Amino acid sequence: MMKKKSIPASKPFLILFLCQIISALDVPLDLSQPPTITHQSPKDYIVDPRENIVIQCEAKGKPPPSFSWTRNGTHFDIDKDAQVTMKPNSGTLVVNIMNGGKAEAYEGVYQCTARNERGAAISNNIVIRPSRSPLWTKEKLEPHQVREGDSLVLHCRPPVGLPPPIIFWMDNAFQRLPQSERVSQGLNGDLYFSNVQPEDTREDYICYARFNHTQTIQQKQPISVKVFSMDSLNDTIAANLSDTDIYGAKPVTERQPVLLTPTGSTSTKVELRGNVLLLECIAAGLPTPVIRWIKEGGELPANRTFFENFKKTLKIIDVSEADSGNYKCIARNTLGSVHHVISVTVKAAPYWITAPRNLVLSPGEDGTLICRANGNPKPSISWLANGVPIAIAPEDPSRKVDGDTIIFSHVQERSSAVYQCNASNEYGYLLANAFVNVLAEPPRILTPANKLYQVIADSPALLDCAYFGSPKPEIEWFKGVKGSILRGNEYVFHDNGTLEIPVAQKDSTGTYTCVARNELGKIQNEVRLEIKDPTMIIKQPEYKVVQRYGQVSFECIIKHDSTLLPTVIWLKDNDELPDDERFLVGKDNLTIMNVTDKDDGTYTCIVNTTLDSVSASAVLTVVARPNPPFDLELTGQLERSIELSWIPGDENNSPITHFVIEYEDGLHEPGVWHYQTEVPGTQTTVQLKLSPYVNYSFRVVAVNKIGRSQPSEPSEQYLTKSASPDENPANVQGIGSEPDNLVITWESLKGFQSNGPGLQYKVSWRQKDVDDEWTSVIVANVSKYIVSGTPTFVPYEIKVQALNDLGYAPEPSEVIGHSGEDLPMVAPGNVQVHVINSTLAKVHWDPVPLKTVRGHLQGYKVYYWKVQSLSRRSRRHVEKNILTFRGNKTFGMLPGLEPYSSYKLNVRVVNGKGEGPASPDKLFKTPEGVPSSPSYLKITNPTLDSLTLEWGSPTHPNGVLTSYILKFQPINNTHELGPLVEIRIPANESSLILKNLNYSTRYKFYFNAQTSVGSGSQITEEAVTIMDEVQPLYPRIRNVTTAAAETYANISWEYEGPDHANFYVEYGVAGSKEDWKKEIVNGSRSFFVLKGLTPGTAYKVRVGAEGLSGFRSSEDVFETGPAMASRQVDIATQGWFIGLMCAVALLILILLIVCFIRRNKGGKYPVKEKEDAHADPEIQPMKEDDGTFGEYSDAEDHKPLKKGSRTPSDRTVKKEDSDDSLVDYGEGVNGQFNEDGSFIGQYSGKKEKEPAEGNESSEAPSPVNAMNSFV
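Residues numbered from 1 in each chain as written. Predicted model: local features only at pLDDT ≥ 70, side-chain atom pairs only at ≥ 80, totals over all residues. Heavy atoms only, no water.

Notes on the overall build of the chain
Secondary structure summary: the chain contains 5 helices and 94 strands in total. When each of the 1271 residues of the chain is scored for burial, the buried share is 41%. Within the chain, contacts between residues at least 6 apart in sequence are counted, and of these 65% link residues at least 24 apart. Here the chain has roughly 68700 Å² of accessible surface; of this, 50% comes from carbon and sulfur atoms. (Helix = DSSP H or I, 4+ residues; strand = E, 2+ residues; numbered from the N terminus. Buried < 20%, exposed > 50% of the residue type's maximum accessible area, 1.4 Å probe, protein only. Contact = heavy atoms within 4.5 Å. Areas by Shrake-Rupley, 256 points an atom, 1.4 Å probe, with all protein chains shown as cover.)

Observations regarding a nonpolar patch on the surface
Together, Leu-1146, Ile-1148, Leu-1149, Ile-1150, Leu-1152, Ile-1153, Val-1154, Phe-1156 and Ile-1157 give the surface a local cluster of nonpolar side chains, amounting to about 810 Å² of exposed area. As for its position among the elements, Ile-1150 is in helix H3 (residues 1135–1161). Overall, the relative accessible area of 45% leaves Ile-1150 in the partly exposed class. (Patch = residues over 30% accessible without salt bridge, like charges linked within 9 Å, V, L, I, M, F, W, Y side chains within 5 Å. Salt bridge = Lys/Arg side-chain N within 4 Å of Asp/Glu carboxyl O.)

A word on the sheet that holds strand E37 (residues 428–438)
Spatially, 5 strands are ordered E29-E37-E36-E32-E33 in an open sheet, and the strand pairing comes out mixed. At either margin of the open sheet sits one strand with a lone partner, and together these are strand E29 (359–361) and strand E33 (388–389). (Pairing = 2+ DSSP bridges.)

Here we look at the environment of Asn-496
Relative to the helices and strands, Asn-496 resides in the loop between strand E43 (492–493) and strand E44 (499–501). We classify Asn-496 as buried; its relative accessible area is 7%. With 30 residues separating them along the chain, Asn-496 and Ala-466 place their C-alpha atoms 6.6 Å apart.

Brief notes about the sheet that holds strand E30 (residues 367–370)
One open sheet accounts for 3 strands, arranged E30-E35-E34; its pairing is antiparallel. Bordering the open sheet on either side are E30 and strand E34 (399–402), each of which pairs with just one other strand. Within the sheet, the average angular offset between the axes of one strand and its neighbour, ignoring direction, is 20°. In this sheet, strand E35 (residues 405–408) lies alongside E34 in antiparallel orientation, the contact comprising 4 bridges. Bridging across to E35, Lys-400 finds its partner in Ile-407. (Axes fitted to C-alpha atoms, helices over the stretch in contact; angles between N-to-C directions.)

What to know about the packing of aromatic side chains
All told, the structure shown has 24 aromatic pairs when counted by the stated rule. With a centroid separation of 5.9 Å and 70° between ring planes, the pair formed by Phe-76 and Tyr-110 is classed as edge-to-face. Here Tyr-110 lies in strand E9 (residues 108–116) and Phe-76 lies in strand E6 (residues 74–76), a separation of 34 residues in the sequence. Of the two residues, Phe-76 and Tyr-110, both sit in the buried class. Residues Tyr-1003 and Phe-1005 carry aromatic rings whose centres are separated by 6.4 Å and whose planes lie at 40° to one another, so their mutual orientation is tilted. (Phe/Tyr/Trp six-rings, centres within 6.5 Å; stacked < 30°, edge-to-face > 60°.)

Things to note about the state of the cysteines
Under the counting rule described, the total for this entry stands at 6 disulfides. Here Cys-371 engages in a disulfide with Cys-421; their sulfurs sit 1.6 Å apart. Disulfide Cys-371 to Cys-421: torsion about the S-S bond roughly -70°, handedness left-handed. With Cys-371 in the loop between E30 and strand E31 (372–376) and Cys-421 in strand E36 (residues 417–425), this residue pair connects regions lying 50 residues apart in the sequence. Classification of Cys-371 by relative accessible area gives buried; the value is 0%. Across the disulfide from Cys-465 sits Cys-514; the S-S distance is 1.8 Å. Torsion about the S-S bond of the Cys-465 and Cys-514 cystine: about -60°, corresponding to left-handed handedness. Taken as a pair, Cys-465 in the loop between strand E40 (461–463) and strand E41 (467–470) and Cys-514 in strand E45 (residues 510–518) lie far apart in primary sequence, 49 residues in all. (Disulfide = S-S within 2.5 Å.)

Considering the side chain of Thr-313
Summarising the element assignment, Thr-313 is placed in strand E26 (residues 313–316). Judged by its relative accessible area of 2%, Thr-313 is buried. Not counting the four nearest positions on each side in its chain, Thr-313 is found in contact with Leu-187, Leu-278, Leu-279, Glu-280, Trp-293, Phe-306, Phe-307 and Glu-308.

Structural notes on the confidence of the model for the chain
Of all residues in the chain, 85% have pLDDT values of 70 or greater, and the mean over the chain is 84. Scored below 50 in pLDDT, residues 241–249 shows 9 contacts in the model against residues more than four places distant or in partner chains. Confidence over residues 1125–1129 falls short of pLDDT 50; this stretch has 4 contacts with residues more than four positions distant or in other chains. (pLDDT = per-residue confidence, 0-100.)

Quick notes on the nonpolar core
In this structure, Ile-53, Ile-55, Trp-69 and Ile-128 are the most contacted members of the largest nonpolar core, which totals 29 residues. Going through the elements one at a time, strand E2 (44–47), strand E3 (53–55), strand E4 (57–62), strand E5 (66–71), strand E8 (93–95), E9 and strand E11 (126–130) are the ones with two or more residues in this core. Ranked by the residues each element gives to this core, the list is headed by E9, at 3 residues. Contact partners of Ile-55, with chain neighbours within four places excluded, come to Ser-41, Tyr-45, Trp-69, Gly-91, Thr-92, Leu-93, Tyr-110, Ile-126 and Ile-128. (Core = buried A, V, L, I, M, F, W, Y, C linked by side-chain atoms within 4.5 Å.)

Observations regarding the environment of Gly-952
Note on placement: Gly-952 falls in strand E80 (residues 947–954). A relative accessible area of 7% means that Gly-952 is categorised as buried. Along the backbone, Gly-952 and Tyr-936 are 16 residues apart, and their C-alpha atoms lie at a distance of 5.2 Å. Apart from the residues within four sequence positions on either side, Gly-952 is in contact with Pro-934, Ser-935 and Tyr-936.

Some points on the pattern of salt bridges
Applying the stated criterion across every chain, the model contains 36 salt bridges. A salt bridge links Arg-517 to Glu-476; its shortest N-O distance comes to 2.7 Å. On the criterion of sequence distance, the pair formed by Arg-517 in strand E45 and Glu-476 in strand E42 (residues 474–479) is long-range, its members being 41 residues apart. On the basis of relative accessibility, which here comes to 31%, the residue Arg-517 falls in the partly exposed class. Residue Glu-476 is classed as partly exposed on the basis of its relative accessible area of 22%. We note a salt bridge from Glu-915 to Lys-861, for which the minimum N-O separation is 3.0 Å.

Some details on a negative patch on the surface
Together, Asp-631, Glu-633, Glu-643 and Glu-716 give the surface a local cluster of negative charge. You can see Glu-643 is positioned in strand E58 (residues 641–647). Its relative accessible area of 30% is what places Glu-643 among the partly exposed residues. (Lys, Arg positive; Asp, Glu negative; His and termini not counted. Charge placed at Lys NZ, Arg CZ, Asp CG, Glu CD.)

Examining the environment of Arg-132
Within the secondary structure, Arg-132 sits in the loop between E11 and strand E12 (144–147). For the pair Arg-132 and Pro-165, spaced 33 residues apart in sequence, the C-alpha separation works out to 9.7 Å. In this structure Arg-132 touches Gly-161, Leu-162 and Phe-211, once residues within four positions along its chain are discounted.

Focus on the side chain of Ser-90
Note that Ser-90 resides in the loop between strand E7 (84–86) and E8. On the basis of relative accessible area, Ser-90 is assigned to the buried category, the value being 5%. In terms of polar contacts, Ser-90 uses its side chain to reach the backbone amide nitrogen of Thr-92, at 3.0 Å. Those residues in contact with Ser-90 that lie beyond four places of it in its chain are Cys-57, Glu-58 and Phe-67. (Polar contact = N/O pair within 3.5 Å; in protein donor to acceptor, adjacent residues only side chain to side chain.)

A short note on unusual backbone geometry
Pro-163 follows Leu-162 through a cis peptide bond whose omega is -5°. Topologically, Pro-163 is positioned in the loop between strand E13 (152–154) and strand E14 (166–170). Put simply, Asn-376 and Pro-377 share a cis peptide bond, and its omega is 0°. With respect to the helices, strands and loops of the structure, Pro-377 is situated in the loop between E31 and strand E32 (380–385). Phi is positive for Ser-1000, which is not a glycine, with a value near 50°.

Have a look at this one:
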């Protein structure tokens, strides 16, 4: 036998499933079976008298059962009542009330019987009662006149309805009357006042009764209440009594609590098991009593106890016998207390312990029906067979009744019947039907074949095998088609055929076979099990703190089985997200834009699949600057102090760290707020120090980590009394502005420092170290006073005292000042210079006597300047340098001198007024130094084994050049350097031809100059010898030349190498360490104009080719012209130019006419003949229809064009060839440039011949070129 197990206690979640699949043991409907009641109306059935009455009774059975009814214990013949019908194939009755029937006529107890050939089942006794909502009986309501503080009860007394109505109190405007600890409604519907107040006076206290079944509301007549206050009551008594009478009502007195309900000290309460227990205590008293509940000898049950109606009602749900006991309510106020004990007894209507279940037996089998119930008092058990008491039912030898059990032995088919068990006591009854069905049936499996079960890994798997058979079949399980029978602790086999795998793993996947067999046969069924990966949240949302109006995002990244489709739902505080476009739900996140305070809360990400569900939550805290404090109050006003208190505003989830107190002086600076002090965030009061004669207002600012709140509303104003000043002006100084005066200055007191009206200052002074009296003067509220006629630079004692209309400030302290300074009288003497090296010298001098300084000695200034360079005799503009040495120093260092130069210097003393006379000029010379680098190095004329080097002398030789040092070495294709060769060259040389070099080899050259002191910095260059005499192996850029004006320079060069090279020009300030600036040259031109240069500045320039391994030319240095006043004249406005242009235009017109005449005659002119003779493809004849003409020249110009000329055949300048021409720039250029940018020397206005490339002919200027030369 296979091991059977009941449901483990640790798996309560299986109970519901197993209870549901018990129905799988029911008899299939295609087999004979007794009736079973499937649906019936409730035992206590209250119906709406305006609608049809439907009394339900449904049953199943084989053959289908027939139905009959009893009413009040006798047969109910529905055929004789036209208002009653029974639904087809059903036992449900419909009583037609809406067509003339009366509901009251059908009140009674009804019972349904369902019967077929195998037995009869009966329903509960169904009590039919129509609901009632009677009107209130008319009554005359007297107004209630109550003294203030007394208790009051307004009775409702609603009409008795069925079911009882719901009571509530409202006014004439249908607004619910407010309730509180003082005023509340009792369980009986009355309105209780623990004590009345004047505001309780009104004339519309109305009690309403709502009858839910009939959906009607009944209204009681309004009740009037008038509350007399003690003051008004005394006035009324005084008006109605004589002077001799004793009158006067007692004032409102406080009273200790008295219970209004329940009355007395004890009461009893009976409640049924499972119901809600409601206990109530309402007390009168002044002050209003507070109610507290306890259970004597025990605790109030946790999780089932609730307090309602301001703790006046104790509510315990789902009560049981254990809740019986004494419950005490205690009403207490400041004057005392009162209590009441309610003894609670919990009774119980019958409830099932074991209800009888249907029994299916095969012929000859044994069985039992058990019916066990409990209650208080204990219920009695009685049995019926087919609706008839078993004592008078037909006898069955296989049946034996033993109290709550019926025992069946060796049953036969005739033993089939329906048995009823009735358990009843004084509080109710239970009725259950259970049939005994005797059948002989082979096994059948009711679970569909090949049913698929999908389960999450590590979860229980329940494989269903619902079956039926008689006798009851045995169930076995197999895994796979030919697997062995399943046994062992890893499986649980339930009585209903279900196979449970407590912890399903991936290897549990497969086909399982269920086999059911009894003595009449055998059957099997296969089901499939698939194990899925669990859904997990691998990135959970995290706690977030965000500022108001910010943005926040919660992540929820999941991992799930690939065959399952997850859905992600976001919740806020376990509810749906707000319908707000600020909430953006993405695939893996939730983003909230423009966060507000309402967004505070817990956000939950829920991931659901068809098999599992996971969730993760995170809290969002929205923080912001605090709300401003409020309710500022000033207390404890004194002359020099006051106490300020306030109530903090909402801190907005970020604790307040401190409060800042600010004040406004409405008397002196209205509208200006000043910082007063600050206190910790836990403090809400502060003692403030005050100054006299200030009209104070205060405000408070709260500060947290997010920032400062808005200021609070200002406090009330507080004006302090006047007093004499407490302090004197600060920062008193005496400094003369002229040699004969003393200027006394001070910082004026602020408005609130004046302490009173009429603020003035007493200014006093006397010469120091002289036995003089104080001289004083009183001035208005200013900050300066000038004393005239003083000796030059004499010390004075000074003091300034404040005073107002109430008196003087304390005696001020004295300060030392000086009258005005004058220029020093003498120059420093004995000036000596010690030259330390070629760029540094040290100068010494003797100090001047202090009395000749006539002021504060500030130091000495050394003026020095270069007279001339000893290596060059050229003069230049003298620029004096100044070094200042603070204090009483008598020496200083002169850095940055130029070597091998002659300098002069002088020294002057300096005070606060200025400089004294200069010492005599001192001449000194600096020794030689190392030279700067050669100004340029060019390598030209490469051959197979030689290179020509040309260079310029150093810009700064810094001495007498002795020689040049040239070092060079070869570089192979991997940029490795070969042996270094050094050559010394005489100082008077400027070029050198290097011979015996390797062909097609790159060399790197290092070149520097020398003086007797040493070698200067070097310049480097690279060059390549050629492979053959026809074409160099490597491209190169050579002969870089520049022509500079004030703000621009024309750069031209020669290029040898592949066609279509893209050039660029790099330039920078000579000697600067800044990065090179780079300009791209359009096209493959060999010239470029640098614009936007600084006048009078030395620049370095080089030309490179893009894409040629970074090949660049050597550096060239040029200097822009000095900035000058513009000498340009707009020649377009000159008379001679206008006349010349008119003459040229007339000449062109005459030529056009002559050419037109000759063309019509068919003749030729020299240009045409020349074109025919040479047929140069670059010289294109002009078309007649485009208005242009061929090249024109006089007899002297009848020469072939120079080879390679870029000038077009018509001698005009094309725009695209002249973008960078210097024709656009006026004067200031030292040379003229062809339109291709090449330098051809200064234009002289005469026709100059120069050798042409390849022949001896020269090119004459055309008229157009001549015009260009004037521009």
